[in-house]
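Per-entry structural report
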Amino acid sequence: MSEETKVIEIPVYLTVRELAQLMDISPIDVIKQLMSSGIIATINQQIDYETAAIIATEMGFEAREETPLVAEEADEEGPMPLWERLYAREEPDKLLPRPPVVTVLGHVDHGKTSLLDAIRRTDVVGGEAGGITQHIGAYQIEHQGRLITFLDTPGHEAFTAMRARGANTTDIAVLVVAADDGVMPQTIEAISHARAARVPIIVALNKIDKPNAQPERAKQGLADAGLVPDDWGGDTICVPVSAKKRIGLEDLLEAIILVADSAEIKANPDRPAVGTVLEGRLDRSQGPTATVLVQNGTLRVGDALVAGTVCGRVRRMLNDDGNPITEAPPSTPALILGLDDVPTAGDIFEVMRDERTCRAVAARRIKDDEAKVTMTVRTLTLDNLSQSIRQGQAKELNLIIKADVQGSIEPIVNSLQALGAEDLKVNIIHAATGNITESDITLAVASHAIVVGFQVTVDSAARRMSENEGVDIRLYDIIYKLVDEVELALKGLLEPTYVEKVVGRAEVRATFEVSKVGRIAGCYILEGEARRNARARVLRGEKELYDGHIGSLRRFEKDVREVRTGFECGVGLEGFYDLEVGDIIEFYVMERES
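What counts as what
Along each chain, numbering runs from 1 in the same order as the chain's sequence is written. pLDDT decides what is reported in this predicted model: residues at 70 or higher carry local features, side-chain atom pairs at 80 or more are listed and counted, and totals for whole chains, interfaces and linings draw on all residues regardless. Just so you know, side-chain values use all the structure's heavy atoms and leave hydrogens and water out. Two strands qualify as a pair provided that DSSP identifies no fewer than 2 bridges between them. Helical segments are the DSSP runs of H or I of at least four residues, strand segments are the runs of E of at least two, and each set is numbered from the N terminus. Only the stretch in contact is used when fitting a helix axis, every axis being a line fitted to C-alpha atoms; angles between N-to-C directions are given from 0 to 180 degrees. Two residues qualify as a contact provided that any one of their heavy atoms is within 4.5 Å of a heavy atom in the partner residue. Throughout this description, the term salt bridge denotes a Lys or Arg side-chain nitrogen within 4 Å of a carboxyl oxygen of Asp or Glu. Accessible area is worked out with a 1.4 Å probe on protein chains only. A residue is then buried under 20% of its type maximum, exposed over 50%, and partly exposed in between. Residues adjacent in sequence count toward polar contacts only when both atoms are side-chain atoms; beyond that, a polar contact is any pair of N or O atoms within 3.5 Å, and within protein one must be able to donate a hydrogen and the other to accept it. Put simply, a nonpolar core is a bunch of buried Ala, Val, Leu, Ile, Met, Phe, Trp, Tyr and Cys residues held in one set by side-chain atoms that sit within 4.5 Å of each other. For this analysis, a ring pair means two rings from Phe, Tyr or Trp (six-membered ring only for Trp) whose centres lie within 6.5 Å, classed as stacked if their planes differ by under 30 degrees, edge-to-face if by over 60, and tilted for the remaining angles. Consider the ring centre and the ring normal. A charge sits over the ring if Lys NZ or Arg CZ is within 6 Å of that centre and within 35 degrees of that normal. Working rule for angles: under 35 degrees goes down as roughly parallel, over 145 as roughly antiparallel, 65 to 115 as roughly perpendicular, anything else as oblique. Residues are grouped as follows: Ala, Val, Leu, Ile, Met, Phe, Trp, Tyr, Cys and Pro are nonpolar; Asp, Glu, Lys and Arg are charged; all remaining types, including Gly, are polar. Should the near helix be turned anticlockwise from the far one by less than a right angle, the crossing is termed left-handed; should it be turned clockwise, right-handed. The disulfide criterion used throughout: a pair of cysteine sulfur atoms within 2.5 Å. To obtain the arc, one takes the directions from the helix axis to the C-beta atoms.

Details of the sheet that holds strand S14 (residues 287-296)
One closed barrel accounts for six strands, arranged S13-S14-S19-S17-S16-S20; its pairing is antiparallel. Adjacent strand axes in the sheet meet at a mean angle of 45° when their direction is disregarded. As judged from the three bridges shared by strand S13 (residues 274-283) and strand S20 (residues 348-352), these two strands associate in the antiparallel manner. Bridged to Thr276 within S20 is Ile348.

Some remarks on the sheet that holds strand S24 (residues 473-476)
Spatially, four strands are ordered S22-S21-S23-S24 in an open sheet, and the strand pairing comes out parallel. In this open sheet, the two edge strands, each paired with only one partner strand, are strand S22 (425-433) and S24. Neighbour-to-neighbour, the strand axes of this sheet turn through a mean angle of 25°, independent of strand direction. Across four bridges, strand S23 (residues 449-454) lies against S24 in parallel orientation. Paired with Val451 across the strands is Ile473, a residue of S24. Sitting on the sheet, helix H13 (residues 406-417) touches strand S21 (396-403), S22 and S23, and the angle it makes with S22 is about 175°. Against the sheet, helix H16 (residues 479-490) contacts S21, S22, S23 and S24, and its axis sits at roughly 140° relative to S24.

Structural notes on the pattern of salt bridges
Close approach of charged atoms lets side chains of opposite charge pair. By the definition in use, this model includes 27 salt bridges. The residue Glu327 makes a salt bridge to Arg300 at a minimum N-O spacing of 3.5 Å. Residue Glu327 is located in strand S18 (residues 327-328), and its partner Arg300 is located in strand S15 (residues 299-300); the two are separated by 27 residues in the primary sequence. What makes Glu327 partly exposed here is its relative accessible area of 41%. Among the salt bridges present, the one from Arg540 reaches Asp578, with a minimum N-O distance of 3.9 Å.

Quick notes on the side chain of Thr332
By the element assignment, Thr332 lies in the loop between S18 and strand S19 (333-339). Polar side-chain contacts of Thr332 include one of 2.9 Å to the backbone oxygen of Pro329. For Thr332, the contacting residues outside a window of four places in its chain are Gln140, Val292, Leu293 and Val294.

What to know about the nonpolar core
In terms of nonpolar packing, the biggest core is built from 28 residues, with Leu115, Ile148, Phe150, Ile202, Leu252 and Ile256 touching the most fellow members. Put simply, the parts of the chain that give this core at least two residues each are strand S6 (101-106), helix H5 (112-120), strand S7 (138-143), strand S8 (146-151), strand S9 (172-178), strand S10 (201-206) and helix H10 (249-263). It is H10 that contributes the most residues to this core, eight residues altogether. Beyond its immediate chain neighbours, meaning those up to four positions away, Leu115 contacts Val176, Ala204, Val241, Ala243, Leu249 and Leu252. Of all hydrophobic cores here, the second largest spans 23 residues; its members include Cys523, Ile525, Val563 and Val589.

Some details on the packing of aromatic side chains
Throughout the structure, instances matching the rule amount to one aromatic pair. Look at Tyr546 and Phe576: their rings are 5.1 Å apart centre to centre, the planes differ by 25°, and that puts the pair in the stacked class. Residue Tyr546 is located in strand S28 (residues 543-555), and its partner Phe576 is located in the loop between strand S31 (568-573) and strand S32 (584-592); the two are separated by 30 residues in the primary sequence. A cation sits over an aromatic face here: Arg537 above Tyr588, 4.3 Å from the ring centre.

Quick notes on the packing of H5 against H10
To describe two helices that pack against each other, one gives the angle between their axes and the distance between the axes. Viewed as axis vectors pointing N to C, H5 and H10 meet at an angle of 90°, and their least axial separation amounts to 11 Å. Taken together, H5 and H10 sit at an angle that is classed as roughly perpendicular. Seen from H5, the contacting residues are Leu115, Ala118 and Ile119; seen from H10, they are Leu249, Leu252 and Leu253. By residue class, the composition of the contact of H5 with H10 is six nonpolar, no polar and no charged.

Section: unusual backbone geometry
Look at Arg198: it is not a glycine, yet its phi comes out positive at around 60°. Accessibility expressed as a relative area gives 63% for Arg198, which makes it exposed. In this model, Glu264 sits at a positive phi of 50°, which is unusual for a non-glycine residue. Mapped onto the fold, Glu264 is located in the loop between H10 and strand S12 (266-267).

Considerations on the packing of H13 against H16
For the pair H13 and H16, interaxial distance at closest approach is 10 Å and the crossing angle is 25°. Relative to H16, the element H13 lies roughly parallel. Note on packing geometry: the crossing formed by H13 with H16 is right-handed. Two secondary-structure elements touch here, H13 through Pro411, Ile412, Ser415 and Leu416 and H16 through Ile479, Leu482, Val483 and Val486. Its residues placed into classes, the contact of H13 with H16 shows seven nonpolar, one polar and no charged.

A closer look at the state of the cysteines
All told, the structure shown has zero disulfides when counted by the stated rule. Counting only cysteine sulfurs, Cys523 is the nearest neighbor of Cys569, a cysteine outside any disulfide, at a range of 5.3 Å.

So, the pairing of S28
By the bridge criterion, six bridges tie strand S27 (residues 535-540) to S28 in an arrangement that is antiparallel. Within the sheet, the bridge partner assigned to Leu539 lies in S28 and is Glu544. The antiparallel pairing of S27 with S28 creates a hairpin that spans two residues between the two strands, and Gly541 there sits at a positive phi of about 70°. Summarising the sheet, S28 and S31 pair through four bridges and their orientation is antiparallel. Looking at the pairing, Ile550 lines up with Leu573 of S31.

Structural notes on helix H15 (residues 460-469)
Here H15 has its buried residues at Ala462, Met465 and Ser466. Axial view of H15: buried residues confined to an arc of 100°, hence all on one face. The exposed set on the far side of H15, more than 90 degrees from its buried face, consists of Ser460 and Glu467. The inward-facing, buried residues of H15 abut helix H14 (438-447) and S24. Positioned one or two residues after H15, Gly470 has a phi angle of 75°, which is positive.

Right under this line is the structure:
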């Protein structure tokens, strides 16, 4: 490199104008150079690093890829949500008390929405609240000079779905139980989901004004579920309320403040904001909007942020009443405008130093997501748990139990809990009757749990979700076999047995040479399906030429997970390029023998 050659750092994506500014030359000259290279671009058009590097080199510069200054690497103890990692690194003297964030859970028709209506003094059910208030799904109320933030989630499934994406938004769960109905199956599910999130539970015993209310019976049901009311000598605060007649609301708010004070909920308001996207929408007049919950730092109008893979700058911000605000401190919900696209609920957002850094981070995440598509995802199985125990890594085993009848649950739970030890606990996240559903898989993803079924089946939707998310489902017909396998896994002695299962066959009908990749086979799926996460063998007549991994699976230039019978696709094999028309590619997986 000559002494005159200047080194410039180029981000993953940038505009033509930004590239010109980096090189300190006219944007017109950059556009001319792009045109000479066969690229037509405007001054505000984005180009990638590779294109920018070629142009910079042609114009006498040495290009290097810029590394954005963001803390996104996994900690030694494993990955954790971005906002949580950053919050954990705050200096203690900078942390100040923040309002608690409360989620209301409970059985359908037990009065969750009515209770929230009563607290807000509005009528969302009647549709009389303002449009912004209805859609923001989160709001703050003030009680004796203290703010409390409420999240209006549709149910515990949505609450856990956000946790599964890494968004731990809630500080306190309020469990609504109707005094005339008592503890119901959905109540038990809500308790399990709140416990899995490790948040304190306050019980709001609703509808105490009804003539047929039986509060003591409801409390007995709570005690049976492990929530012993405080007036029964337990440690669960149980507040009698009537949402309809506005009885006990002050006591409930007092209980929330009391629990919040004991938990010492704090954040640092003097840092760039980080938090969670609660909801994303495309508004016809305002474009992409997002309801966000600031969990640390303060979000301000003008901030550049990245939410998942979506970038933008906060152009306008509204509070839960629909009024414009200029900043949102910790625990504040806000509707923001100015994003490039609609983010996904549960995405973590973080304010960056500038939009260029946001784009670089988003681009890297897109690449990471694409890489995940080509991988077989596994969260936790009994087999790899056994291996982790042998290596001294595992500390607890989380289980979700589904059984055919209530009488089967107690002996299963008791037997499994008896297997645990101090250094390796068996933690029953949820135990209920019925077949295994999508809700069970969502809870398993969020809790890194294994689903164990006794004399039940798996819903087709739950089966698909478990395969996509890598959740291990174990089905048994005999209790002792169930307990024996878990015990062997806990002792690190469980050795899995796998059998080969052919899932599809394809015929090579054309071959293509692709630069930097090699030979790709244009295939027609004869039977079954081609799966990206399967293994493949190439057969020419009766001779096997290759047995290994799939390098790529594409349809119409798009990477796909699977291609079914009767469709065409392109298949690339890792390290094997001697493909010919007429070859048969067999796709197979190794399944654990039950």
